[in-house]
Amino acid sequence: MREYPAVKIAHISLSDWGTSVSGMTLEEEGFFWRMTRLMYSNDGVFYDDDFENARLMGVGIRIYRRLKDRLIQGGRSRKPVIFEQEGRLVNQRVIDEIVKYCEAKKAASDRGR
């Protein structure tokens, strides 16, 4: 059982989002949004399992692999937004936001709320 409830509300800066998806196609941005949402709902854990992730994201395996590779490699006009790390796919912003969320929950708990 997790120490705190899963993140249900994420504060998203539209400016930061716009910067992070600049240079992406609409297809890549939609894929990135869906992947990011799944990362948040799983406490940042998103195992690098192409078949399971394609199923969770509702796309075929070839489409999943093509778009995942684009997000990992980046492109001419943008940096990579997803990284492979110890068998997981990671977005640093998601991890940072989940850490902040847990710290805020702990602080509220310590204050008796």
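1. Quick word on the overall build of the chain
Within the chain, the secondary structure is distributed over 5 helices and 2 strands. Walking the chain from its N terminus toward its C terminus, one meets helices and strands in the order α-α-α-α-β-β-α. Its C-alpha atoms give the chain principal-axis dimensions of about 50 × 30 × 25 Å. Relative to its 113 residues, the chain shows a buried fraction of 33%. Of the contacts formed within the chain by residues at least 6 apart in sequence, a portion of 59% connects residues at least 24 apart. Per element, the accessible surface of the chain, about 7700 Å² overall, is 53% carbon and sulfur.

2. Points about unusual backbone geometry
In this structure, D43 takes a positive phi of about 55 degrees despite not being glycine. Despite not being glycine, E86 shows a phi value in the positive range, around 50 degrees. Turning to its location among the elements, E86 is positioned in the loop between strand 1 (83-85) and strand 2 (88-90).

3. Quick word on the packing of helix 3 (residues 50-57) against helix 4 (residues 61-73)
Describing two packed helices takes the angle between their axes plus the distance from one axis to the other. At a minimum axis separation of 9 Å, helix 3 and helix 4 run at an interaxial angle of 100 degrees. As far as their axial angle goes, helix 4 and helix 3 are roughly perpendicular. Each of D50, F51, N53, A54 and M57 in helix 3 lies in contact with helix 4, whose residues at this interface are I61, Y64, R65 and K68. Across the contact of helix 3 with helix 4, the residue classes tally to 5 nonpolar, 1 polar and 3 charged.

4. Details of helix 2 (residues 26-41)
Along its 16 residues, helix 2 runs 23 Å from first to last C-alpha, staying within 8% of the 22 Å computed at 1.5 Å per residue. Within the span of helix 2, buried status applies to E28, F31, F32, M35, T36, L38, M39 and Y40. Contact partners of the buried residues in helix 2: helix 1 (14-21), helix 3, helix 4, strand 2 and helix 5 (92-110). Of the residues flanking the end of helix 2, it is D43, one or two places downstream, whose phi is positive at about 55 degrees.

5. Focus on the side chain of N53
Within the secondary structure, N53 sits in helix 3. Not counting the four nearest positions on each side in its chain, N53 is found in contact with F46, Y47, D48, Y64 and L89.

6. A look at the pattern of salt bridges
As enumerated under the stated definition, the model contains 10 salt bridges in all. K68 is the partner of D50 in a salt bridge, and the nearest nitrogen-oxygen pair spans 2.8 Å. In this pair, D50 is assigned in helix 3 and K68 in helix 4, connecting sequence segments 18 residues apart. Exposure remark for K68: the relative accessible area of 6% places this residue in the buried category. A network of salt bridges, in which partner residues are shared, links D16, R93, E97 and K100.

Reading the values: the criteria
- As a convention, each chain's residues are numbered from 1 in the sequence order in which they are written.
- Confidence filtering applies because this is a predicted model: local features only for residues at pLDDT of at least 70, side-chain atom pairs given and counted only at 80 or more, and all residues used for totals across whole chains, interfaces and linings.
- Hydrogens and water molecules were not included; the side-chain quantities draw on all heavy atoms of the structure.
- Secondary structure follows DSSP: runs of H or I at least 4 residues long count as helices, runs of E at least 2 residues long count as strands, and numbering of each begins at the N terminus.
- Per-residue accessibility, obtained with a 1.4 Å probe over protein chains only, is compared with the maximum for each type, and a residue is labelled buried under 20%, exposed over 50%, and partly exposed between these values.
- Here a residue-residue contact requires only that any non-hydrogen atoms of the pair lie within 4.5 Å.
- We get accessible surface area from the Shrake-Rupley algorithm with a probe of 1.4 Å; when it comes to residues, only the shown protein chains can shield them.
- To define axes, lines are fitted to C-alpha atoms, for helices over the stretch in contact only, and angles between the resulting N-to-C directions are given on a 0 to 180 degree scale.
- Small angles under 35 degrees read as roughly parallel and large ones over 145 as roughly antiparallel, with 65 to 115 read as roughly perpendicular and the rest as oblique.
- In this count, Pro and Cys sit with the nonpolar residues alongside Ala, Val, Leu, Ile, Met, Phe, Trp and Tyr, while Asp, Glu, Lys and Arg are called charged and the others, Gly among them, polar.
- Given a helix with a known number of residues, its expected span is that number minus one, times 1.5 Å.
- Salt bridges are counted wherever a side-chain nitrogen of Lys or Arg sits within 4 Å of a carboxyl oxygen of Asp or Glu.

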